[in-house]
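Chains, contacts and geometry: an overview
Residues per chain are reported as follows:
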2 protein chains.
Amino acid sequence: MSGTIAAKPLTVGAFAPYGEVLEASGAPDYMINAGLCGRYHDRARPETDPEGEVALSIGRSDAISLPLTLKMMERHPDGSQAFVPMNGTRFLVIVAADENGVPGRPEAFLTNGTQGIQYKRNCWHGVLAPLEGPADFLIVDRIGPGNNLEEHHLAAPYTITAE
Amino acid sequence: MSGTIAAKPLTVGAFAPYGEVLEASGAPDYMINAGLCGRYHDRARPETDPEGEVALSIGRSDAISLPLTLKMMERHPDGSQAFVPMNGTRFLVIVAADENGVPGRPEAFLTNGTQGIQYKRNCWHGVLAPLEGPADFLIVDRIGPGNNLEEHHLAAPYTITAE
């Protein structure tokens, strides 16, 4: 099994096992504001344990460059986590299914600049990785007591390349 | 009392009676991702009644032009509502304090392209009003049973002007 993973374009279908793509694709679910605005309704529900609350934060991240060496993945057992660019920034999304408590072979996706994403609760993922920066992202995630972060350092790093 | 209202630059302090400004201003609360990313932490908490849930939607809105004739304001008794531009779009924010069940004299703000906002639960506001468009916004609001919309049609419209 190769240690190199080519990033693919992010699509709703390919990302479905890991979470939701937040984008205005296709026809809106309905119009609001007297026809001025199309609403793409209820595209993701933030998840939290009962002790936590959903909150809005901002992340201002430096850019990464490709190829990227992936050494660590993380997950949040108590809640989902969404990242939405505030200025059209394309970013790299790395995710993996769980295999007996550790990440399986990752998949990598590149957003197109009009997309945000939400990771499901407890989905293994890489850190925020904009292709240009510094870039601001709205973060929607769970805030509350306890340790809501699990990190897994990979025994053998992967190399993530552009498609 | 004039029927003309000049929009002011949006600031955290001026907007505080109505809700929160979502922006990466000042120093980050802490760094994440091995120093790659500054986190501006917990800038707003979405509100919902117990029957509702917080959800993520997208709004794709046509642009408005200034001066704008303000004929209607609305509020949502069961939850807060946040709008965050996904591509740096500046937008007009119109809000009003409640006066005996109807909006008082509105205040108008212009965002600077790096800002989103969250209206508090039950805050009177105008509809989404980007200065350029079509523009995509992440919407964070309450979804659930019942009628979570109250509209108030103004007896005398206001004219909203650029500063």
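Please refer to the structure higher up on the page.
The notes below deal with the structure included here. Small disclaimer: the values here were computed from a predicted structure and weren't measured.

1. Notes on unusual backbone geometry
A:P67 follows A:L66 through a cis peptide bond whose omega is -5°. As for its position among the elements, A:P67 is in the loop between β6 (53-61) and β7 (68-75). Here the amide bond leading from A:G133 into A:P134 is cis, since omega sits at 0°, within 30 degrees of zero. By the secondary structure assignment, A:P134 is in the loop between β15 (129-130) and β16 (135-143). The phi dihedral of B:N33 falls on the positive side, at around 55°, and the residue is not glycine. Relative to the helices and strands, B:N33 resides in the loop between β4 (30-32) and β5 (37-44). We classify B:N33 as buried; its relative accessible area is 18%.

2. Considering the relation of the copies chain B and chain A
Superposing chain B onto chain A requires a rotation of 180° together with a translation of 0.0 Å along the rotation axis, leaving an RMSD of 0.0 Å. The transformation just described matches what one would write down for a two-fold rotation axis. A shared binding surface is used by both copies, with 100% of the interface residues of chain B retained as interface residues in chain A.

3. With respect to the packing of aromatic side chains
Inspection of the entire model under this criterion finds 10 aromatic pairs over all chains. Their ring planes at 50° and their centres at 6.0 Å tell us that B:F15 and B:Y18 sit as a pair that is tilted. Here B:F15 falls in the buried class, since its relative accessible area comes to 0%. Classification of B:Y18 by relative accessible area gives buried; the value is 8%. Here the aromatic rings of B:F83 and B:Y119 are separated by 6.1 Å at their centres, their planes lie at 70°, and the arrangement is edge-to-face. Of this pair, B:F83 sits in strand β8 (residues 81-85) while B:Y119 sits in strand β13 (residues 116-119), and the two are 36 residues apart along the sequence. Given a relative accessible area of 8%, B:F83 falls into the buried group. Three or more aromatic residues joined by ring pairs form one cluster here, namely A:F15, A:Y18, A:F83, A:F109 and A:Y119.

4. As for the interface of chain B and chain A
Opposite the 46 residues of chain B that make contact, chain A presents 46 residues. Carbon and sulfur atoms supply 58% of the area buried between chain B and chain A, which totals about 3700 Å² over both sides. Viewed at the interface, chain A and chain B are joined by four salt bridges. Here B:R39 and A:D141 are joined by a salt bridge, their closest N and O atoms 2.9 Å apart. In this assembly, chain B and chain A are joined by 21 residue pairs in polar contact (both at pLDDT 80 or more). Among the secondary structure elements, those contributing two or more residues to the side of chain B that touches chain A are β5, β6 (53-61), β8, β13 and β16 (135-143) of chain B.

The rules we used
Residues numbered from 1 in each chain as written. Chains lettered and ligands numbered in written order. Predicted model: local features only at pLDDT ≥ 70, side-chain atom pairs only at ≥ 80, totals over all residues. Heavy atoms only, no water. Helix = DSSP H or I, 4+ residues; strand = E, 2+ residues; numbered from the N terminus. Buried < 20%, exposed > 50% of the residue type's maximum accessible area, 1.4 Å probe, protein only. Least-squares fit on C-alpha atoms with pLDDT ≥ 70 in both. Contact = heavy atoms within 4.5 Å. Phe/Tyr/Trp six-rings, centres within 6.5 Å; stacked < 30°, edge-to-face > 60°. Buried area = accessible area lost by both parts, 1.4 Å probe. Salt bridge = Lys/Arg side-chain N within 4 Å of Asp/Glu carboxyl O. Polar contact = N/O pair within 3.5 Å; in protein donor to acceptor, adjacent residues only side chain to side chain.

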